[in-house]
Each structure stands twice: as C-alpha cells, then as structure tokens.
There are 4 protein chains.
Amino acid sequence: MNIEDIKRRIEKFASERDWNQFHSPKNLIMALSSEVGELSDIFQWLNEEQSKKEHISDNNLELAKEEIADILIYLIRISDKLDIDLEKEVFKKIESNEKKYPIDKSKGNAVKYNRRDE
Amino acid sequence: MNIEDIKRRIEKFASERDWNQFHSPKNLIMALSSEVGELSDIFQWLNEEQSKKEHISDNNLELAKEEIADILIYLIRISDKLDIDLEKEVFKKIESNEKKYPIDKSKGNAVKYNRRDE
Amino acid sequence: MNIEDIKRRIEKFASERDWNQFHSPKNLIMALSSEVGELSDIFQWLNEEQSKKEHISDNNLELAKEEIADILIYLIRISDKLDIDLEKEVFKKIESNEKKYPIDKSKGNAVKYNRRDE
Amino acid sequence: MNIEDIKRRIEKFASERDWNQFHSPKNLIMALSSEVGELSDIFQWLNEEQSKKEHISDNNLELAKEEIADILIYLIRISDKLDIDLEKEVFKKIESNEKKYPIDKSKGNAVKYNRRDE
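Residues numbered from 1 in each chain as written. Chains lettered and ligands numbered in written order. Predicted model: local features only at pLDDT ≥ 70, side-chain atom pairs only at ≥ 80, totals over all residues.

**Describing the overall build of chain A**
Point 1. Helices and strands together make up the secondary structure of chain A, namely six helices and zero strands.
Point 2. Going from the N terminus to the C terminus, chain A shows its helices and strands as α-α-α-α-α-α.
Point 3. By the compact-globule yardstick of 13 Å for 118 residues, chain A is too spread out, its C-alpha radius of gyration being 18 Å.
Point 4. Judged by the C-alpha coordinates and their principal axes, chain A covers about 50 × 35 × 25 Å. (Helix = DSSP H or I, 4+ residues; strand = E, 2+ residues; numbered from the N terminus. Rg over C-alpha atoms; globule rule 2.2 N^0.38 Å.)

Structural data, given as structure tokens:
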C-alpha cells in the first residue's frame, strides 16, 4: 500500500475544501472514534460465529468495508499531521509484542501481559 | 507499506500463541475500540493547539505512536479475517468522498453530507 | 439515584482541583470514550457466555464496576455542563424507542429500525 | 432518578421484543461503544468553546441529548445484567478519586495519577 500517495490524496481533498482548519490531531482522533463506533454498530448483535467471513451477510460485509476504509483514512491522516511513520511503528510494535508475550507464557491465553499474574 | 507481509507476521504471531480462537472479527473490533480509547486518553485534556506536532510533548507523541500502531495492527488483522483488500477499499472510499462532498458545497464546512441541509 | 447530589459532588471535586478549565463538553466526551475503551478491554476476549454474571470472574466484574462508575460520572458531568436533564431524556428516549420498534415488527430481530427493510 | 424503575422498563421493552437473547454484557458494551461514537460524531469538528452550552447549536444539543440518553440506557441495562448497584459504585469511585488525586498534587493539572511523576 502506498501510504505516501494516500496521504497526498487526503491532504489535497482537505485543502480543496478548506478543511485543514478542522484537522487537528485531537479532532481527527474524535472522528476516528466515531468511525470505530459505526463499525461496532454493525457487529454488536452478531455472535462471534456470525461475525466471521463464512457467515457474515453481504450487506454487513459491505458496511464493514466502508467503515474500515474510513478508519484507515483517519489513521493515515493523523499520522500525516503528527509526522508518524506508520510502517516503522507497526513493525516496532510487533517486535515489542513478540517480547511482551513470549510463546510459552501466552499460549492459549490472551490475558494482557500486565494482568498475566493476577 | 507491505500489508501482506504484516498480515502474515500477525497471523504467525497469533498461531504460535494459539490466539486464533480469540480472533473473531467481533472480538477484534472490541480490541480495536479499546485501543482507540487509549489514544483518546492521551489527547482528552489537550486543546487543539496542544495536540499538534509543533506543540505535543515528546512523551505524548511516543504514547500516541504506540496506540496508532496497535490500531493499525488490529485493522489489518480484521481485514485479513474478513478477506478485505484495504488499499482497494481506501481508494474506493476516497473517490466516494470526493463525490459526496463536492468542493463548492463543502468549502470551509465539515458538516456531514447527510446533515448539510438541516 | 440522586443525580443532583452527584453533580454537586463532582463539581466540587473539579473546582477544588481547578479542573473546570479542562471540562469542556468536547473534552469530557473524549474522556468518556476512553473509559468505554477500558470497559471494552475487559470484555474483548470473553465470549458472550463468559461475559454473563453467572460466568464472569470476580476480578473482571470488579474491573467492570470501576469502568462503569467512571462512565456514569463523566455522563453526569457532561449533562451538568450542557444543562441536560438526564432522567427526562431517558424516559423520552424509551418512549421514542417503543414507537420506533413496534413489537410485531421487532420480535426476535434487533436490526436497527432504519435498516429493517433493507 | 429512579434506576430500578428504568431497569424494569427496559427489561419489559426487551422481553416483549424477545431481545434478551442479544443482551449479553459483551454485546451491550459494543452497543454502548457505538452510541458513544455517535456522540463523538456530533462534537468532533467543534472546538472547545463551540461545544459549551452557551455556544452549541440547538440542533447539536438535541442530537447530543438523544445520544446521552442512549448511553445511559445501555449503561443501566449492563448494570442490570451484571447485578451492579450503579449508585453505590459511583460514590465508591468518587471517594477513590478524591484519594488518588489529592488537591495539592492535582491543582490545575489533569494528568492521570499514574503518569503524574513521568
């Protein structure tokens, strides 16, 4: 995925509409929350099985795709506004997760590392 | 960004820990919400100016990077589980936004298209 | 529940700490989102059965109680700041829901009223 | 506010529509998240001043009242399903906050108690 290209496209979209005035990181994070709320809305009454790709309805899948795209657009926009290198941060986080959740202590147990011994 | 590579890395991480049993789309969306809540927590008492890259503290920026990475990891994981092509959906959504918010009607006005005439 | 009493107690708490400067409705809503994220975090890997009072662990129930209290505190604080009569609005909403979801059309079907005919 | 009365009214509403099958605590928490997302949506592009009761538009205030009512309804419903005494938990939490945030260390500084010394 060409993140730089998407950043430029969203920036152009925002500039043309004079929307940079609204796009503070704080506001963009609220917008991100609201999109995540819309995604939750689609899945709230489904059980886990019904939420899986084998069982989800075409309509719900289409709705989910749109919300997921919105979430990613805001996430890329926030990263642009805060000068964050998304790819670098994702790999750093994956490496940190691999250390925080060693296989032998985490197997079959998704309890957060800081609650593991409670 | 090599999304396929990240998908494989997360899948390997989850399989090795026997966590696929927890990773239904429904559960992953709740996990995504919880990470977005952590991102909100960092910005909740900052005003818009304080949230910008020129003014945000190093500590808050580091915290934000971690949460943003977590959010993207879950978003990529959800897309993997639902067979969603993230890049395709993002471009589709940007094009749809360009139509829904024509420049002349949207200039300086971030009101949602379906509330524009209220 | 004596909402007025709780409002006064939270207002006193905030004034004594000089926190009214942070308590704009916008900021309080971000704080509310972040608490809801913490509540999601507790339930994200539980299945529906495990989330029920008969099965939830004592530890998770205690954590949930704290988050639910935080959410209600922020909700009451937001209502205070926006002069909203919570009890009146709740009953108005229940009545409106009773009309939007007539028993015969809604039985066993939690689809949102505006998606019912899709 | 008569919480018991509201609990009974929501329970009746849910039973008549055969919706108890959907109302696991897990699902209700997702529904709560989605309502909080709708509340964020109303405030995301407003600045702090515009979010205050002196400046908020009548339309946005009406929308906010509805979302806040929805959030409280789900919160009461979750408490009912988990046998949580909301009033008791709120007062417990206020007392705990009074200890965690002593006036002299917290004055004018809303940094979370566990990040105060960072």
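Structure's up, so let's keep going.
**A short note on the interface of chain A and chain B**
Point 1. Listed by partner, the interface residues are 58 residues for chain A and 58 residues for chain B.
Point 2. Those elements giving two or more residues to the side of chain A that touches chain B turn out to be α1 (3-16), α2 (25-43), α3 (48-51), α4 (58-81), α5 (86-100) and α6 (103-106) of chain A.
Point 3. Ranked by residues supplied to the side of chain A that touches chain B, first place goes to α4(A) with 14 residues. (Contact = placed C-beta atoms within 7 Å.)

**Quick word on helix α4 (residues 58-81) of chain B**
Point 1. Between its first and last C-alpha atoms α4(B) spans 35 Å; for 24 residues at 1.5 Å apiece the expected length is 34 Å, and the two agree.
Point 2. Where α4(B) terminates, the next one or two residues include B:Asp83, which has phi positive at roughly 55 degrees. (Expected span 1.5 Å × (residues − 1).)

**Some words on the relation of the copies chain A and chain B**
Point 1. Between chain A and chain B, the superposition needs a rotation of 180 degrees and an axial shift of 0.0 Å, giving an RMSD of 0.0 Å. Here the transformation between the copies is reduced to the relation of a two-fold axis. For chain A, the minimum C-alpha distance to the rotation axis belongs to A:Met1 and amounts to 2.5 Å.
Point 2. The share of interface residues of chain A whose copies in chain B are also at the interface is 100%, consistent with both copies meeting through the same surface. (Least-squares fit on C-alpha atoms with pLDDT ≥ 70 in both.)

**Quick word on the relation of the copies chain C and chain A**
Point 1. When chain C is brought onto chain A, the operation consists of a screw motion whose angular component is 180 degrees and whose axial shift is 0.0 Å, with 0.0 Å RMSD remaining.
Point 2. When the interface residues of chain C are mapped onto chain A, 100% of them again lie at the interface, so the same face is used by both copies.

**Remarks on the interface of chain C and chain A**
Interface size is often expressed as the accessible area that is lost when the parts come together.
Point 1. Contacts between the two partners involve eight residues from chain C, matched on the other side by eight residues from chain A.
Point 2. Class assignment of the residues belonging to the side of chain C that touches chain A gives a composition of three nonpolar, three polar and two charged. (Nonpolar A, V, L, I, M, F, W, Y, C, P; charged D, E, K, R; others polar.)

**Topic: the packing of helix α2 (residues 25-43) of chain B against α4(B)**
Residues and elements named next belong to chain B.
Point 1. Running from N to C, α2 and α4 cross one another at 165 degrees; their axes reach a closest spacing of 9 Å. Between α2 and α4, the interaxial angle falls into the category roughly antiparallel. Here α2 runs over α4; the crossing is left-handed. Between α2 and α4, the contacting residues are Pro25, Leu28, Ile29, Ala31, Leu32, Glu35, Val36, Glu38, Leu39 and Ile42 on the first element and Asn60, Leu63, Ala64, Glu67, Ile68, Asp70, Ile71, Tyr74, Leu75, Arg77, Ile78 and Lys81 on the second. (Axes fitted to C-alpha atoms, helices over the stretch in contact; angles between N-to-C directions. Parallel < 35°, antiparallel > 145°, perpendicular 65-115°, else oblique. Left-handed = near helix turned anticlockwise from the far one by under 90°.)

**Description of the packing of α2(B) against helix α2 (residues 25-43) of chain C**
Point 1. Following both chains from N to C, one finds α2(B) and α2(C) inclined at 145 degrees, their axes separated by 7 Å at the closest point. You can see that α2(B) and α2(C) cross each other, and the crossing is left-handed. Here B:Met30, B:Ser33, B:Ser34, B:Val36, B:Gly37, B:Glu38, B:Ser40, B:Asp41 and B:Phe43 of α2(B) lie close against α2(C), whose contacting residues are C:Met30, C:Ser33, C:Ser34, C:Val36, C:Gly37, C:Glu38, C:Ser40, C:Asp41 and C:Phe43.
Point 2. In terms of residue class, the contact of α2(B) with α2(C) is made up of six nonpolar, eight polar and four charged.

That is the geometry; function is a separate question.
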